[in-house]
Amino acid sequence: MDMLEETLAMEDRMLAELVWLAPIGALVLGAIVAILMALFVARGRQGLVGAWVALAHLAAAGLVVAIWLTRGPARVMEGTVSMDGLALAVIGLIAVAGAVVVALARPVVAGTDREGEFYAVLTAANLGAAVLVAAADIALVAIALGMLSLTSFVLTGYLRSSAAGNEASIKYYIYGTVAGGSMMFGFSWWFGLTGETGLDAIGQSLPQAPTAALIASTALVVLGLGYKAALVPFHFWTPDVYAGAPLPVAAYLSVLPKIAGLVALARVLPLALPGDAAGWSTALAVIAAATMTLGNLAALWQRDVVRLLAYSSIAQSGYLLMGVAALSASAEGLPALVYYAIAYTASNLAAFAVVLAVQRERGSVDLAAFAGLGRAHPWWTAALILAFLSLLGLPPLSGFVGKLGVFTAAIDSGLAWLAVVAVINTVISLFPYLRVIAPTVLDSGEEQPAARPAGAPLAAALAIAAIATVAIGLVAEPLLTLAESATMLAS
C-alpha cells in the first residue's frame, strides 16, 4: 500500500469514527452558533443565547448516553482521542453541569453588554474541558488545556467595571501562563526522551529514561495539571480569583476545570508512567494530604463565604486526588474518582447557588449576611445545609458515598495513612461549615428588602443541584455502576 492509499484509508477510518465525537461536536456547534447569535440577536434578547447554549450542553449529554448505549467506548482519530468509559462519564458530567452553570449565570450577566459572548465563551471552556478528559496524546492535552485556560481567564474578567475582577483575571492569567508553560516544557522533555506524543507510546520507553530527567519532567507536567485542579503548592490563585470573579464563574471554576485537570492527571500519569514509574502515586498521595490539610485549615477563620468555599474547594481537590493516587495499585481508584467528582459537583454548585442568591438579596457574602436566612428563606437554608453536609461527607448524602469510595480506594492501594489523614481533615472541615450554618438558623437577623430577587433560572439551578446532592446519595447504586464502567482504554 503506497502512501496515498494509506492516507485515504486513514481518512476513511477517521470519518467513520466521527460519530464518537458527537458530544464534542455538539459543544463546538453550540459555541459557534452562540457567537453568531450574540452578533445578530438584539441586546435585550440575549437570554436566547443562554437558552441555546444550555440546550447544546443537554444535547451533548444526550449524545454521550446514546454513544454509551449503542456504540460503546473506543479509541478514535488514530488513537489521539479516547472516548472510553472515563471520558464519556466525565463529558456527560461537564455537559449537565455546564447547563446548570448557564442558569446560575443568567441573573448576573442578563442586561450586560456582552451577555451572548459570555455564554459562547463558557461553551468554549467546556469544549476545552471535554477534549482534555478524552485526550490520549500530549499535543492534544496541551491544546485542550490552553483552550480551557484562555476561556477561563476571559470569564474571570467578564465584568470589566469590577477592579477585583480585573485583578483576579490578571492573577489567574499570570499563574496559568507560567503553569501551562511549565507543563509544555515537561511534555517537550517527554517527547525528547521518547520521540513520541501518544501516551501509550510514551509509556513504552519513558520509564527507562534517566531518573533525574524522568522526575523533573514529570514534576513539570504535574505542575500544569495540578494548577488547574488547585492542588498545593499550585493553589495560590484560588481564593483571590474566586473572590474577584463573578460568582457564577467562581462556581464554574470550582468544579469543571478542576475535575478536568484531575481526570487528565488520571489518564496521563498511568499511561505515560506505567507501573508507578518514578513513584508518582506516592508523590500524589503526599500532595493530596497537603492539599486537603491546607485547604481545611485555611478555611477555619474565613469570614467571606466565597473565600471559605475557595479553600473548601482546595481541600476537596485533595480528597479527589486520593482516587488518582490509588490508580496504580487499586481498581477502586478510578470509579471512586468519577463518583466523587459527580457528588462534589452537585454539592458545590448547590452551595454556590445559595451564596449567589444571598449576595443578590443582601449585597454581601460575609458571614453576617447569612444571619436569619433560615427564617427568611427556609428552602435556601435547607439547600445550603445539605450541600455543606454533603461536602463534609455525612450520610445519606452524595458526599458520604463519594468520600467512602476514595477512602476505600486509598486503603486498598496501600495508602492507609492517607485515609487516616483524610478522616482527620473531615473532622476539621466541620468547623468552617458550621460557622456558616449556625447564623442561618440561630440568629434572627434583620428584615432586609430583596434588592435583587433570585429569579427563575437561579432558583431552577439551585433546585437541580440540591436535589442531585440528595438523590445521588440516596440512590447511589446506578451511579456506582456507571462509575465502575468508567474505565480507561489502552491502545
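Quick note: structure is the one above.
Structural notes on the pattern of salt bridges
- Under the definition given, this model contains twelve salt bridges.
- Residues Asp 240 and Lys 171 are paired through a salt bridge, measuring 2.7 Å at the closest nitrogen-oxygen approach. Within this pair, whereas Asp 240 is found in helix α10 (residues 237-244), its partner Lys 171 is found in helix α7 (residues 163-194), the two being separated by 69 residues in sequence.
- A residue is classified by how much of its surface remains accessible, and Asp 240, at 28% relative accessible area, is partly exposed.
- Given a relative accessible area of 27%, Lys 171 falls into the partly exposed group.
- Through salt bridges that share partners, Glu 167, Lys 171, Asp 240 and Arg 307 make up one connected network.

A few points about the environment of Thr 218
- Here Thr 218 is to be found in helix α9 (residues 211-228).
- For Thr 218, a relative accessible area of 6% corresponds to the buried category.
- For the pair Thr 218 and Ala 129, spaced 89 residues apart in sequence, the C-alpha to C-alpha distance is 21 Å.
- Excluding residues within four positions of it along the chain, Thr 218 makes contact with Trp 190, Leu 269 and Leu 273.
- Reaching out from Thr 218, the side chain makes a polar contact with the backbone oxygen of Leu 214 at a distance of 2.7 Å.

Details of the packing of helix α13 (residues 280-299) against helix α19 (residues 416-442)
- In contact at an axis separation of 9 Å, α13 and α19 are set at 15 degrees when each is read in the N-to-C sense. The angle between α13 and α19 falls in the class roughly parallel. Classified by chirality, the crossing of α19 by α13 is left-handed. Residues Ala 285, Val 286, Ala 288, Ala 289, Met 292, Thr 293, Asn 296, Leu 297 and Ala 299 of α13 form the contact with α19, whose participating residues are Trp 417, Leu 418, Val 421, Ala 422, Asn 425, Ile 428, Ser 429 and Pro 432.
- Here the residues of the contact of α13 with α19 sort into 13 nonpolar, four polar and no charged.

Observations regarding the environment of Asn 296
- One can find Asn 296 in helix α13.
- For the pair formed by Asn 296 and Leu 308, sequence separation is twelve residues and the distance between their alpha carbons is 9.1 Å.
- Apart from residues no more than four positions distant in its own chain, Asn 296 is found in contact with Ala 315, Tyr 319, Asn 425, Ile 428 and Ser 429.

Thoughts on a nonpolar patch on the surface
- Taken together, Val 28, Ile 32, Ile 35, Leu 36, Leu 39 and Phe 40 make up a surface patch of nonpolar side chains, about 610 Å² in accessible area.
- By secondary structure assignment, the location of Leu 36 is in helix α2 (residues 22-40).

Re helix α12 (residues 256-272)
- For α12, built from 17 residues, the straight-helix expectation of 24 Å at 1.5 Å per residue is met to within 8% by its first-to-last C-alpha distance of 24 Å.
- Among the 17 residues that make up α12, 16 are buried, leaving the element largely enclosed by the rest of the structure.

About the criteria used
Residues numbered from 1 in each chain as written. Predicted model: local features only at pLDDT ≥ 70, side-chain atom pairs only at ≥ 80, totals over all residues. Heavy atoms only, no water. Salt bridge = Lys/Arg side-chain N within 4 Å of Asp/Glu carboxyl O. Helix = DSSP H or I, 4+ residues; strand = E, 2+ residues; numbered from the N terminus. Buried < 20%, exposed > 50% of the residue type's maximum accessible area, 1.4 Å probe, protein only. Contact = heavy atoms within 4.5 Å. Polar contact = N/O pair within 3.5 Å; in protein donor to acceptor, adjacent residues only side chain to side chain. Axes fitted to C-alpha atoms, helices over the stretch in contact; angles between N-to-C directions. Parallel < 35°, antiparallel > 145°, perpendicular 65-115°, else oblique. Left-handed = near helix turned anticlockwise from the far one by under 90°. Nonpolar A, V, L, I, M, F, W, Y, C, P; charged D, E, K, R; others polar. Patch = residues over 30% accessible without salt bridge, like charges linked within 9 Å, V, L, I, M, F, W, Y side chains within 5 Å. Areas by Shrake-Rupley, 256 points an atom, 1.4 Å probe, with all protein chains shown as cover. Expected span 1.5 Å × (residues − 1).

Honestly, that's just the spatial picture; any functional story needs more than this.
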